[in-house]
Amino acid sequence: MTTMLPRPDLESDARVKAVFDDIRATRNTDFINNMWRWLAFDPALLERTWTEVKAVIGKPSSIDPLTKEMIYIAVSVANNCTYCVHSHTAAARAKGLTGEQYGELLAIIGLAGKTNQLATAMQIPVDPAFDASQQG
């Protein structure tokens with residue numbers, strides 16, 4: 001259940017309209033998803049967030065777009081963000097995520113959660129071989 005509703009006239013604000021127009025152009029779609037519509041309550045926050053998304057997720061880099069979406073799914077699961085799990089799973093599928101890859105991703109997420117919780121519960125000390133400050 002939402003804690004607020006977006007204004008009905010979001011694009012009457014020039015800053016919001018500029019961001020929405022850039023989202024449409026960048027993604028080659030007329031669809032503005034709810035994340036952006038809800039963030040539009042604060043045009044500065046909307047601008048900053050969209051700029052960062054474009055710089056980190058949208059910019060070509062050494063990590064391919066599908067892998068970026070899969071990482072986003074894993075972090076969204078860890079942070080318990082239902083909206084982000086759904087939106088980034090849809091984005092990953094649009095980038096070619098197969099059912100087999102999705103199943104493997106979920107197995108990795110589940111295993112990582114389990115082993116992270118065990119290591120945290122037992123407070124296992126970090127091996128010197130894994131500690132960058134211990135390396136020559």
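How each quantity is defined
- Residues numbered from 1 in each chain as written.
- Predicted model: local features only at pLDDT ≥ 70, side-chain atom pairs only at ≥ 80, totals over all residues.
- Heavy atoms only, no water.
- Core = buried A, V, L, I, M, F, W, Y, C linked by side-chain atoms within 4.5 Å.
- Buried < 20%, exposed > 50% of the residue type's maximum accessible area, 1.4 Å probe, protein only.
- Helix = DSSP H or I, 4+ residues; strand = E, 2+ residues; numbered from the N terminus.
- UniProt positions renumbered as here; feature names shortened; annotations may be inferred.
- Contact = heavy atoms within 4.5 Å.
- Axes fitted to C-alpha atoms, helices over the stretch in contact; angles between N-to-C directions.
- Parallel < 35°, antiparallel > 145°, perpendicular 65-115°, else oblique.
- Left-handed = near helix turned anticlockwise from the far one by under 90°.
- Nonpolar A, V, L, I, M, F, W, Y, C, P; charged D, E, K, R; others polar.
- Domains from an automatic or database assignment.
- Buried area = accessible area lost by both parts, 1.4 Å probe.
- Salt bridge = Lys/Arg side-chain N within 4 Å of Asp/Glu carboxyl O.
- Polar contact = N/O pair within 3.5 Å; in protein donor to acceptor, adjacent residues only side chain to side chain.

Going by what an unreviewed UniProt entry lists, the protein chain is known as Carboxymuconolactone decarboxylase family protein and is assigned to Hoeflea ulvae.

A. Region of the structure containing the nonpolar core. Counting 11 residues, the largest nonpolar core is built from Leu10, Val16, Val19, Phe20, Ile23, Ile32, Trp36, Leu39, Ala40, Leu46 and Trp50. At the level of secondary structure, the elements contributing two or more residues to this core comprise helix H1 (14-27), helix H2 (34-39) and helix H3 (43-58). Tallying contributions element by element places H1 first for this core, with four residues.

B. Here's a closer look at the UniProt feature "domain: Carboxymuconolactone decarboxylase-like" (unreviewed entry) in the protein chain. Under the feature "domain: Carboxymuconolactone decarboxylase-like" (unreviewed entry), the UniProt entry names residues 46-124. Spanning residues 46-124, this segment combines 81% helix with 0% strand, and its end C-alpha atoms are found 41 Å apart.

C. Geometry of the side chain of His88. Looking at the secondary structure, you find His88 in helix H5 (residues 82-94). By relative accessible area, which is 14% here, His88 ends up buried. Apart from residues lying up to four places away in sequence, His88 is in contact with Glu69, Tyr72 and Ile73.

D. Layout of the packing of helix H4 (residues 65-78) against H5. Running from amino to carboxyl end, H4 crosses H5 at an angle of 160°, the nearest separation of the two axes being 9 Å. Taken together, the axes of H4 and H5 lie roughly antiparallel to each other. For the crossing formed where H4 meets H5, the hand is left-handed. In this structure, H4 contributes Leu66, Glu69, Tyr72, Ile73, Ser76 and Val77 to the contact, and H5 contributes Cys84, Val85, His88, Thr89, Ala91 and Ala92. Partitioning the contact of H4 with H5 into residue classes produces eight nonpolar, three polar and one charged.

E. Region of interest: the domain arrangement of the protein chain. Split by domain assignment, the protein chain resolves into domain 1 (12-59) and domain 2 (62-122). A separation of 24 Å is found between the C-alpha centroids of domain 1 and domain 2. At the junction of the two partners, domain 1 supplies six residues and domain 2 supplies five residues. Of the roughly 460 Å² buried between domain 1 and domain 2 on both sides combined, carbon and sulfur atoms contribute 62%. Counting across the interface, domain 1 meets domain 2 through zero salt bridges. Linking domain 1 to domain 2 there are six residue pairs in polar contact (both at pLDDT 80 or more).

F. Region of the structure containing the side chain of Glu69. Residue placement: Glu69 occurs in helix H4. When its relative accessible area of 5% is taken as the criterion, Glu69 is described as buried. If we ignore the near neighbours within four places in the chain, the residues touching Glu69 are Ile57, His88, Ala91, Ala92 and Lys95.

G. Inspection of the packing of H1 against H3 at higher detail. Viewed as axis vectors pointing N to C, H1 and H3 meet at an angle of 20°, and their least axial separation amounts to 9 Å. Classified by the angle between their axes, H1 and H3 sit roughly parallel to one another. As H1 packs across H3, the resulting crossing turns out to be left-handed. For the pair H1 and H3, the contacting residues are Arg15, Val16, Val19, Phe20, Asp22, Ile23, Thr26 and Arg27 in the first and Pro43, Ala44, Leu46, Glu47, Trp50 and Lys54 in the second. Among the residues making up the contact of H1 with H3, the classes are represented as eight nonpolar, one polar and five charged.

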